[in-house]
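Spelled out, the chains give:
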Amino acid sequence: MNPDLQRLHPYPFEKLNKLKAEVTPPAHLKHIALSIGEPKHEPPAFVLDTLQQNLGRLVNYPTTKGLPELRQTIANWLTRRFDLSSGSIDAERHVLPVNGTREALFAFAQAVIDKTAGDRTQTANTLPPLVVSPNPFYQIYEGAAFLAGAEPHFLNCTVDNGFIPDFDAVPADIWQRCQLLFLCSPGNPTGAVIDSDTLQKLIKLADKYDFIIASDECYSELYFDESNPPMGLLQACKDMGRNDFARCVVFHSLSKRSNLPGLRSGFVAGDADILAQFLLYRTYHGCAMSVPTQLASIAAWSDEAHVLANRDAYRAKFDAVLKILDGYIEARKPDASFYLWARTDMGDLDFAQGLFAEQNITVLPGRYIARESEGINPGENYVRMALVATLEECIEAAERIKNFLQKG
Ligand SMILES: Cc1ncc(COP(=O)(O)O)c(C=O)c1O
C-alpha cells in the first residue's frame, strides 16, 4: 500500500461520532445537526428539470475538458462577478469543469507538486516540498499534500489576526520550499474574506518564490452585504493588470451557491499553462463531468435570482441566531459563508459533547479541523456551527444553546 495513506487523519466527523457515542442525548428533543456544511435550502427547480430533461445524454462519454457552452457560461459568470477585463478569461484555456471542488482541490495538488524539489536553494533537495494552508482548514488540503508527497505547513487564523493568516510573519525559508499555497476565502470555518491588497502581496510572493496559489472560493456567493461581495483571486490579478492570471487558480462550486451539493459540479479557472497540465492529469485520472450535469450547471451558473434568495435566507438565520446568542457566546457575524465560528470558555470538546448530551444538537469541535502549529491548536476553544437547517430549526437550536450555556 501507499505508505502516505498512513499519514491521513481520521476525518473530523469520525472523531465527532466517537465523542458523541460516549453520551446519550435526550430522546424528547429532536436532533438538530449544525455540524455538517451541507446546504439544506431547496435547489432551483429549473436546474433539476434541466438535469432530468437531459438524462438521455448519458449514452455518451463526456470529455474531460467539458462542453464549450459550459466553459463559456463560466467565463461569462466570472467576468461579471469579479469585474474582470472583457475577454481576459478565455473559455478555451482558462476554465475547466470539475466534479465538485473537493476532488479538484485534491487532484490539483497531485498534478502540481514536484516532490523531487523540496528546497530549491539546495542541490541535495533532502527536504520535502511544502503545501502552505490556513489553520483551521478544509481537511482536503492536508490529505492532498500528504498524498502528493509534500508536507503541510499551517498558518494559524486567530481572532488576533482577524482569522486571516499573518503572511508577513512567514519566514523566507518556508516560502522557498512552498510549491502550493491554499487560500480559503471566504474561509471555512471562520467566514473571513481576504482583501485585494493581501492577495496582491501573495501574488508577488508567488512570483518571487515560484509557487502556485490555489484559492478555494466555494463560499464566495454566500455573503451578507449585497453592495460588497467578497473579492476573489482573479479579481486581484486584474487589479494588478495581470490578465494572464499567472500562478493563480480559483475553485468555485455550485454546492453552496445553488444548494446542489449532490450534483458534484464546480470549476477551476486561471493560469492557462497550469490548467493545460491539470487537464492532462485529469484525462488520465478519469474525472469528466456527465453531460446532463454540465447542462444543469449551465442553467445554474446563468441565474442569480436563486442565489440572491439563498443569501436572504442565510441573512435571516444569522440575524435571528446572533440575536438569541448575544451575551451568551462569543461569535461575530462572519464576512461571508454559512458558518458561525464561536469561542467557548469550556473548551470545544466539552461544549460539543455537553450540548449533544443535554440538547441533542451536534456542532463540530474546532480542534478537529485544525492542527497544532506554533504551539497552539487554533480550533481548540472554538466550535463550528453551520446554519444550514431551516430558519425555525436554527432559532430552536439557538434557544437550546442559550439554555445549555445558562445552565453551564
Ligand atoms: C472550504 C471548502 N472547500 C471545498 C468544499 C467542497 O465542496 P464541493 O466539493 O461540494 O464543491 C467544501 C465543502 O464543504 C468546503 O467547505
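Being a predicted model, the structure only gives us computed values, none of them experimental. (Residues numbered from 1 in each chain as written. Predicted model: local features only at pLDDT ≥ 70, side-chain atom pairs only at ≥ 80, totals over all residues. Heavy atoms only, no water.)

Caption draft 1: Structural detail: the pattern of salt bridges. Counted according to the given criterion, the structure contains 25 salt bridges. Asp 210 is the partner of Arg 247 in a salt bridge, and the nearest nitrogen-oxygen pair spans 2.8 Å. Of this pair, Arg 247 sits in the loop between α8 (233-239) and β7 (248-253) while Asp 210 sits in the loop between α7 (196-209) and β6 (212-216), and the two are 37 residues apart along the sequence. On the basis of relative accessible area, Arg 247 is assigned to the partly exposed category, the value being 22%. (Salt bridge = Lys/Arg side-chain N within 4 Å of Asp/Glu carboxyl O. Helix = DSSP H or I, 4+ residues; strand = E, 2+ residues; numbered from the N terminus. Buried < 20%, exposed > 50% of the residue type's maximum accessible area, 1.4 Å probe, protein only.)

Caption draft 2: Here's a closer look at the pairing of strand β8 (residues 266-270). Counting buried positions over the five residues of β8 gives five, a clear majority of the element. Alternating positions in β8 separate into two faces, Gly 266, Val 268 and Gly 270 on one and Phe 267 and Ala 269 on the other, with burial throughout. One ladder, built from four bridges, connects strand β2 (residues 95-98) with β8; its direction is antiparallel. Each bridged residue has a counterpart across the sheet, and for Pro 97 the counterpart in β8 is Phe 267. Examined bridge by bridge, β7 and β8 share five bridges and lie antiparallel to one another. Within β8, the residue paired with His 252 across the bridge is Phe 267. (Pairing = 2+ DSSP bridges.)

Caption draft 3: The sheet that holds β6, seen in detail. The strand order across the open sheet formed by seven strands is β2-β8-β7-β6-β5-β3-β4, and the pairing between neighbours is mixed. With partners counted over all chains shown, the strands left at the sheet margins are β2 and β4 (151-156), one partner each. Recorded for the sheet is a direction-independent mean angle of 20° between the axes of neighbouring strands. Sheet analysis places strand β3 (residues 130-135) next to β4, joined by six bridges and oriented parallel. Note on β4: the bridge partner recorded for Asn 135 is Asn 156. Sheet strands in contact with helix α5 (residues 140-147) are β3, β4, β5 (178-184) and β6, and its direction is about 150° off that of β4. (Axes fitted to C-alpha atoms, helices over the stretch in contact; angles between N-to-C directions. Contact = heavy atoms within 4.5 Å.)

Caption draft 4: Broad picture of the packing of aromatic side chains. Throughout the structure, instances matching the rule amount to 20 aromatic pairs. Ring geometry for Trp 175 and Phe 211: centres 5.1 Å apart, planes at 10°, overall stacked. Linking Trp 175 in helix α6 (residues 172-177) with Phe 211 in the loop between α7 and β6, this pair joins segments that are 36 residues apart in sequence. This pair shows no difference in class: Trp 175 is buried, exactly as Phe 211 is. Site record: aromatic cluster; members linked through ring pairs are Trp 77, Phe 82, Phe 267 and Trp 301. If you follow Lys 20 out to its NZ or CZ, it ends over the ring of Phe 356, 4.6 Å from the centre. Lying over the aromatic face of Phe 224, Lys 333 brings its terminal NZ or CZ to 4.7 Å of the ring centre. (Phe/Tyr/Trp six-rings, centres within 6.5 Å; stacked < 30°, edge-to-face > 60°. Lys NZ or Arg CZ within 6 Å of the ring centre and 35° of its normal.)

Purely geometric numbers; function is a separate question.
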